[in-house]
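Structural description and commentary
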Amino acid sequence: MDISLTPNIERLLRNKVAEGVYNSLNEAINATLSIALNGSCISQEELDKLNKDIQMGIDEAEAGNLSDAFDFLKEIGATNE
């Protein structure tokens, strides 16, 4: 099958290959079509885990278990330079 890409789409896909996201233009096209046709780039299992983690954070926040961002950054040794 032959397909024609707009110059902009081809440039974007070639950039993804150059960045190492995909090994070839064919792989980039197939992955992009798969994402477009399936409506998602993550699996249902990954989405379920993400939703579970988000809900856990909401539950902790509602229970008052919050952390100050500045304290957290100090705890992990981040510096503000």
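On a predicted model such as this, the values are computed, not experimentally measured, just so you know.

**Some details on the packing of helix α1 (residues 7–18) against helix α2 (residues 25–38)**
Contact geometry of α1 with α2 gives a least axis separation of 9 Å together with a crossing angle of 115°. Between α1 and α2, the interaxial angle falls into the category roughly perpendicular. Along this stretch, α1 crosses α2, giving a crossing that reads as right-handed. The residues of α2 that touch α1, namely those facing Leu-13, Arg-14 and Val-17, are Leu-25, Ala-28, Ile-29 and Thr-32. Tallied by class, residues from the contact of α1 with α2 come to five nonpolar, one polar and one charged.

**Focus: α1**
Residue pairs three or four apart in sequence face the same way in an α-helix, which turns once every 3.6 residues. Compared with the 16 Å implied by 1.5 Å per residue over 12 residues, the 16 Å span of α1 between its first and last C-alpha is a close match. Phi for Gly-20, located one or two positions after α1, is positive at around 90°.

**A closer look at the confidence of the model for the protein**
Per-residue confidence for the protein gives a mean pLDDT of 86; residues scoring 70 or more make up 93%. α1 holds the highest mean pLDDT among the elements of the protein, 94, whereas helix α4 (residues 69–75) holds the lowest, 82.

**Some details on a nonpolar patch on the surface**
Together, Ile-42, Leu-47, Leu-50, Ile-54 and Ile-58 give the surface a local cluster of nonpolar side chains, amounting to about 380 Å² of exposed area. Tracing the backbone shows Ile-58 in helix α3 (residues 44–62). Its relative accessible area of 36% is what places Ile-58 among the partly exposed residues.

The rules behind each value
Residues numbered from 1 in each chain as written. Predicted model: local features only at pLDDT ≥ 70, side-chain atom pairs only at ≥ 80, totals over all residues. Heavy atoms only, no water. Axes fitted to C-alpha atoms, helices over the stretch in contact; angles between N-to-C directions. Helix = DSSP H or I, 4+ residues; strand = E, 2+ residues; numbered from the N terminus. Parallel < 35°, antiparallel > 145°, perpendicular 65-115°, else oblique. Left-handed = near helix turned anticlockwise from the far one by under 90°. Contact = heavy atoms within 4.5 Å. Nonpolar A, V, L, I, M, F, W, Y, C, P; charged D, E, K, R; others polar. Expected span 1.5 Å × (residues − 1). pLDDT = per-residue confidence, 0-100. Patch = residues over 30% accessible without salt bridge, like charges linked within 9 Å, V, L, I, M, F, W, Y side chains within 5 Å. Areas by Shrake-Rupley, 256 points an atom, 1.4 Å probe, with all protein chains shown as cover. Salt bridge = Lys/Arg side-chain N within 4 Å of Asp/Glu carboxyl O. Buried < 20%, exposed > 50% of the residue type's maximum accessible area, 1.4 Å probe, protein only.

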